[in-house]
Structures are given as C-alpha cells and as structure tokens.
Amino acid sequence: LSEKYKDQIKVRLGLECEYFPDYIYWLKHTLKEYNIEYAIFGNHFYNSDEKFRYFAKYCDTQDMLDLYEESSVEGLESGLFIYMAHPDLFMNSYPEFDHHCTTIARHICRAAVRNKVPLEYNPSIREKNDVLGKPSYVPSPEFWRIATSEGCTAIIGMDAHNNKSLESAKY
C-alpha cells in the first residue's frame, strides 16, 4: 500500500503493544527489526497475559485497579510509546467510578503529562460486559473530566476490530 499510494498518502507502520517488563528487550528488537515506526501502549494485562486476567473484564476490585495504575504509569514512563490507547479501559468492568478510580485516574493522567504522552479518546462502543451484565462504554466521562483538569493531551482513536465498531461509534 505504501508503494501503491505513495503519491497520495503516507502509510505508517505501528503496533498496539503491552508494557511487559520481561519482554521489553524483545519488543525493542522487534520494533527495530521490522522498521515499525511507532508503538501504541495498550494496557490490557499486568506484566503478562499468561499470568494475569484481562483488565477490561476483570478490573472489578481495588487490587486490580492498583495493578492497572501501576502498569499504566510504568508504561507511560518507559519512553517506548507514542500514546496510550483507551486509558480508561478499567471502567469496562469496575462497578462505578468511585474515589479509588479518581485517584488512579489522576496518577495515570499526571504520568502522561509528565512524560508528554497523549491519551487516546476512544469512542468505540464495547459489547455488553459479561462480568457485570451491564453495557460497557469507553470513553468514561469521569476519567476524561480528570484528564482535562490535569492538562492531558489527547488524540481520537478507534478500536476497529471489525467494521461494526466504526459504524456504531458515537462521537
């Protein structure tokens, strides 16, 4: 596509990646080996998808929120990522935006500002949450009020796993 449309558009190569400390050497090597221009930080699991549960479905306790915060801040501070995808992903499964959510949202937003990493505002509508049996939506209005008050920069991005995500998104 890059060659075919070279006179019309610039095609860039990037990946959405996890921040897994044990695999950072491999990630850096892979990005270089395949000339991947940028990496997007998607925080879906704590340290490994082999050992921990998926944040979007199982971030339903304060302990899981703490793990989400820790891995988010570490990823934002790593210097590897051009932006953080769906930083409010934890709200897919947490029962309500409470005081603890406010605290971790502030920590994530402050780390993003400190490290000059934009946050992705993702208007994709998620499927019904299997854990809580309620609709799960990202973006979280409460998270984004905090992001605004903390001075975060944002970009708009989509999780377009299929064309229905693009067709049904609310802006």
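See the structure above.
What counts, and where the lines are drawn
Residues numbered from 1 in each chain as written. Predicted model: local features only at pLDDT ≥ 70, side-chain atom pairs only at ≥ 80, totals over all residues. Heavy atoms only, no water. Helix = DSSP H or I, 4+ residues; strand = E, 2+ residues; numbered from the N terminus. Buried < 20%, exposed > 50% of the residue type's maximum accessible area, 1.4 Å probe, protein only. Areas by Shrake-Rupley, 256 points an atom, 1.4 Å probe, with all protein chains shown as cover. Expected span 1.5 Å × (residues − 1). Contact = heavy atoms within 4.5 Å. Salt bridge = Lys/Arg side-chain N within 4 Å of Asp/Glu carboxyl O. Arc of directions from axis to C-beta. Phe/Tyr/Trp six-rings, centres within 6.5 Å; stacked < 30°, edge-to-face > 60°. Lys NZ or Arg CZ within 6 Å of the ring centre and 35° of its normal. Core = buried A, V, L, I, M, F, W, Y, C linked by side-chain atoms within 4.5 Å.

Enquirer: Quick one: what's the story with the overall build of the protein chain, residue by residue and with numbers?
Expert: From N to C terminus, the protein chain includes six helices and seven strands. Reading the protein chain from its N terminus to its C terminus gives the helix and strand order β-α-β-α-α-β-α-β-β-β-α-β-α. For the protein chain, the proportion of its 171 residues judged to be buried stands at 46%. About 10,100 Å² of surface is accessible on the protein chain, with carbon and sulfur atoms providing 51% of the total.

Enquirer: An account of helix α3 (residues 62-77) is requested, with residue identities and associated values reported.
Expert: Relative to the 22 Å expected for 16 residues at 1.5 Å per residue, α3 spans 22 Å between its end C-alpha atoms, a close match to the ideal helical length. Elements that come into contact with the buried residues of α3 comprise β2 (38-42), α2 (55-58), β3 (83-85) and α4 (99-114). Positive backbone phi, at 80°, marks G79, one or two positions downstream of α3.

Enquirer: I'd like to hear about the pattern of salt bridges, residue by residue, with values.
Expert: Should their charged atoms come close, side chains of opposite charge can pair. What the rule picks out here adds up to five salt bridges. Notably, a salt bridge pairs E77 with R114, separated by 3.0 Å at the nearest N-O pair. Here E77, found in helix α3, pairs with R114, found in helix α4; they are 37 residues apart in sequence, far enough to count as distant. As a salt-bridge pair, R106 and E150 come within 2.9 Å of each other at their nearest N and O atoms. With R106 in helix α4 and E150 in the loop between α5 (141-149) and β7 (154-156), this residue pair connects regions lying 44 residues apart in the sequence. Through salt bridges with shared partners, a single ionic network connects R106, R110 and E150.

Enquirer: How would you summarise helix α1 (residues 24-33) if you had to cite specific residues and measurements?
Expert: Every α-helix carries 3.6 residues per turn, so stepping three or four residues along brings you back to the same face. All buried positions along α1 are accounted for by I24, L27, T30 and L31. For α1, the angular spread of the buried residues around the axis is 125°, confining them to a single face. The exposed residues of α1 that point more than 90 degrees off its buried face are Y25, W26 and K32. If you follow the buried residues of α1, they end up packed against β1 (14-17) and β2. Directly after α1, the chain includes N35, whose backbone phi takes a positive value near 50°.

Enquirer: Before we move on, can you summarise the side chain of E150 with the specific residues and values?
Expert: Residue E150 is classed as buried on the basis of its relative accessible area, which comes to 19%. Dropping the residues within four chain positions of it, E150 is found in contact with R106, C109, R110 and V113.

Enquirer: Explain the packing of aromatic side chains to me, using residue names and the numbers behind them.
Expert: Tallied over the full model, the rule gives nine aromatic pairs. Their ring planes at 70° and their centres at 6.3 Å tell us that F90 and F143 sit as a pair that is edge-to-face. One end of the pair, F90, is in the loop between β3 and α4; the other, F143, is in helix α5, with 53 residues separating them in the sequence. Judged by its relative accessible area of 0%, F143 falls in the buried class. One aromatic cluster is present, built from ring pairs that chain together F55, Y68, F90, F97, Y121, F143 and W144. The ring of Y58 has R53 sitting right over it, with the charged end atom 3.8 Å from the ring centre.

Enquirer: So, the nonpolar core: which residues are in play, and what are the values?
Expert: One finds Y68, F90 and F143 to be the most contacted residues of the largest nonpolar core, which totals 40 residues. Mapped by element, the contributors of at least two residues to this core are α1, β2, α2, α3, α4 and α5. Examining the composition of this core, we find that seven residues originate from one element, α4, more than from any other. When sequence neighbours within four positions are dropped, the list of residues in contact with Y68 reads N43, F55, C59, M84, H86, P87, D88, L89, F90, I104 and I108.

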